[in-house]
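# What the coordinates show
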Amino acid sequence: MVRADKAEWKAKYFMKLQSFFAKYPKVILVTVDHVGSKQMQEIRIALRGKGEVLMGKNTMIRKCLRGMLDERPELEKLMDQVYGNIGFVFTEKDLKAVKDTVTKFRVKAPAKSGTFAPIDVFVEAGPTTMGPEKTNFFQALNIPTKINKGTIEILSRIHLVKEGERVGASEAALLNMMNVSPFQYGLVPKLVFDEGALYSPKVLDMTEDDIKARFMQGVRNVAAVSLAINYPTAASVPHSIVNGLKKLIAVAVMTDITFPAAEKTKAYLKDPSAFAVAAAPAAAAAAPAAAAAKAPEPEPESDEDMGMSLFD
């Protein structure tokens, strides 16, 4: 009877996973480390009308994905990503909005021995509530302290735990004694599967300005390579034209050849004072701004201003 129920449960899970992949074109893969049932319930409630959250055993997920490869070969990209505490957030809405909804549910948690630190943990300098009997504990962790008014005072800021490293037993005990809960746990987006494309969730946080900046950096790289190997491209042609014009002006300056673009340069070389006159308006316009930026120094006070003397 138990085997029949288990087989039926697996069949229902496979049907549910297959239906979600068929219904929703977008999937966010999330890690679910140290997330409680109440926290998961709050996330599911917040996602109503926006998407679905589905967890499961990795072996069952891989088996289900393997069975769908004939109809949807693009799902093979997910096979290597199903490991650890992994889950799926299915949606057909805006991915960034769904990601923000999922990640806003964070719960503070104390540091536990043996767990991996999701962030760097620092112990700030200052007084504590612990008595002098705990001094040896701080000395074992190489934390400089002194006794001040009957309690231990930490003398300098200490980098206690580094991100990605395991939390030691001593570090966890110290943080617990100081009533510090340094970590926050929740669903962490790992990858985004969007209509067959697999990419980092950081892409969802990019703005139009970020995209433009990255595109222009790529254009500059292409132009630099094209100029270095003397291979003209649309990105390098403007630079080639400017460089060519500079060379023509240099030739014109050294010879009697002239053309409109070189006449101004020749005029400045014949009469350098003309360049100083042309640059003067720009310097004059910058001077008031510099003067306004400089704050006036306060005048020193004196006894004479009060109408009395020290020896009156």
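Before going into details, it helps to say that this report is about the structure given with it. (Residues numbered from 1 in each chain as written. Predicted model: local features only at pLDDT ≥ 70, side-chain atom pairs only at ≥ 80, totals over all residues. Heavy atoms only, no water.)

### A closer look at the overall build of the protein chain
Looking only at helices and strands, the protein chain has 11 helices and 12 strands in total. Per-residue burial for the protein chain yields a buried fraction of 29% across its 312 residues. Pairs at least 24 residues apart make up 72% of the contacts formed inside the protein chain by residues separated by at least 6 positions. With the model as given, the accessible surface of the protein chain reaches about 21100 Å², and the carbon-plus-sulfur share is 58%. (Helix = DSSP H or I, 4+ residues; strand = E, 2+ residues; numbered from the N terminus. Buried < 20%, exposed > 50% of the residue type's maximum accessible area, 1.4 Å probe, protein only. Contact = heavy atoms within 4.5 Å. Areas by Shrake-Rupley, 256 points an atom, 1.4 Å probe, with all protein chains shown as cover.)

### Comments concerning the sheet that holds strand β7 (residues 145-148)
One open sheet accounts for three strands, arranged β6-β8-β7; its pairing is antiparallel. Strand pairing shows two members of the sheet lacking a second neighbour, β6 (126-127) and β7, which therefore form its edges. As paired elements, β7 and strand β8 (residues 151-154) share four bridges and run antiparallel to each other. In the strand pairing of β8, K146 is matched with E153. (Pairing = 2+ DSSP bridges.)

### Regarding the sheet that holds strand β1 (residues 26-31)
Strand order in this open sheet of five strands is β2-β3-β1-β11-β12, and the pairing throughout is antiparallel. Strand pairing shows two members of the sheet lacking a second neighbour, β2 (51-54) and β12 (197-199), which therefore form its edges. Put simply, the sheet's adjacent strands are angled 20° from each other on average, direction ignored. Here six bridges tie β1 to strand β11 (residues 188-194), and the two strands are oriented antiparallel to one another. Note on β11: the bridge partner recorded for K26 is D194. (Axes fitted to C-alpha atoms, helices over the stretch in contact; angles between N-to-C directions.)

### Some points on the layout of surface pockets
If you add up the space inside the largest pocket, you get close to 320 Å³. Surrounding the largest pocket, 14 residues form its lining, T31, D33, P118, Y185 and V188 being those nearest its centre. Of all the elements in the fold, those that place two or more residues in the lining of the largest pocket are β10 (183-185) and β11. Examining the composition of the lining of the largest pocket, we find that three residues originate from one element, β11, more than from any other. Class assignment of the residues belonging to the lining of the largest pocket gives a composition of five nonpolar, six polar and three charged. (1 Å grid on protein atoms, 1.4 Å probe; cavity = no way out; pocket = protein on both sides within 12 Å on 5 of 7 lines; lining within 4 Å. Points joined across faces, edges and corners; volume = space filled by probe spheres on them. Nonpolar A, V, L, I, M, F, W, Y, C, P; charged D, E, K, R; others polar.)

### Let's talk about the pattern of salt bridges
Here the idea is simple: oppositely charged side chains can pair when their charged atoms come close. With the rule as written, the count across this model stands at six salt bridges. Two residues, D100 and K96, come together in a salt bridge whose shortest N-O distance is 3.1 Å. Note that D100 and K96 are positioned in helix α5 (residues 95-103) at a spacing of four residues, about one turn of the helix. Of the residues examined, D100 reaches a relative accessible area of 32% and is grouped as partly exposed. By relative accessible area, which is 33% here, K96 ends up partly exposed. Taken together, the salt bridges that share partners define one network made up of K96, K99, D100 and D205. (Salt bridge = Lys/Arg side-chain N within 4 Å of Asp/Glu carboxyl O.)

### Section: the nonpolar core
The tendency in soluble globular proteins is for nonpolar side chains to be buried side by side. Grouped together as the largest cluster of nonpolar side chains are 23 residues, with contacts concentrated most on L17, F21, L29, L65, F88 and F90. Counting residues per element, the ones that place at least two in this core are α1 (2-23), β1, α3 (58-68), α4 (76-79), β3 (86-91) and β11. Contact partners of L65, with chain neighbours within four places excluded, come to F21, L75, L78, M79 and V82. In this structure, A109, V121, M130 and L141 belong to the second largest nonpolar core, which totals 20 residues. (Core = buried A, V, L, I, M, F, W, Y, C linked by side-chain atoms within 4.5 Å.)

### Considering the packing of helix α9 (residues 237-254) against helix α10 (residues 260-270)
For any two helices packed against each other, one specifies the inter-axial angle together with the distance between the axes. α10 packs onto α9 with a crossing angle of 50° between their chain directions and a minimal axis gap of 9 Å. Judged by the inter-axis angle, α9 sits oblique to α10. Considering the relative orientation of α9 and α10, their crossing is right-handed. In contact with L245, I249, A252 and V253 of α9, α10 contributes A261, A262, T265, K266 and L269. Taken together, the residues of the contact of α9 with α10 break down into seven nonpolar, one polar and one charged. (Parallel < 35°, antiparallel > 145°, perpendicular 65-115°, else oblique. Left-handed = near helix turned anticlockwise from the far one by under 90°.)

### Some points on the side chain of K26
Here K26 lies in strand β1. Within the buried set, K26 has no salt-bridge partner at all; the shortest N-O distance to an opposite charge, 5.3 Å, is to D194. Within the local environment of K26, its side chain forms a polar contact with the backbone oxygen of K93, the two atoms lying 3.3 Å apart. Other than its neighbours up to four places away in sequence, K26 contacts V89, F90, T91, E92, K93, L95, F193 and D194. (Lys, Arg positive; Asp, Glu negative; His and termini not counted. Polar contact = N/O pair within 3.5 Å; in protein donor to acceptor, adjacent residues only side chain to side chain.)

### Details of unusual backbone geometry
One non-glycine residue, H34, lies in the positive phi region at around 60°. Positionally, H34 belongs in the loop between β1 and α2 (37-46). With phi around 60°, N142 is a residue other than glycine that occupies positive phi space. Here N142 is to be found in the loop between α6 (135-140) and β7. By relative accessible area, which is 65% here, N142 ends up exposed.

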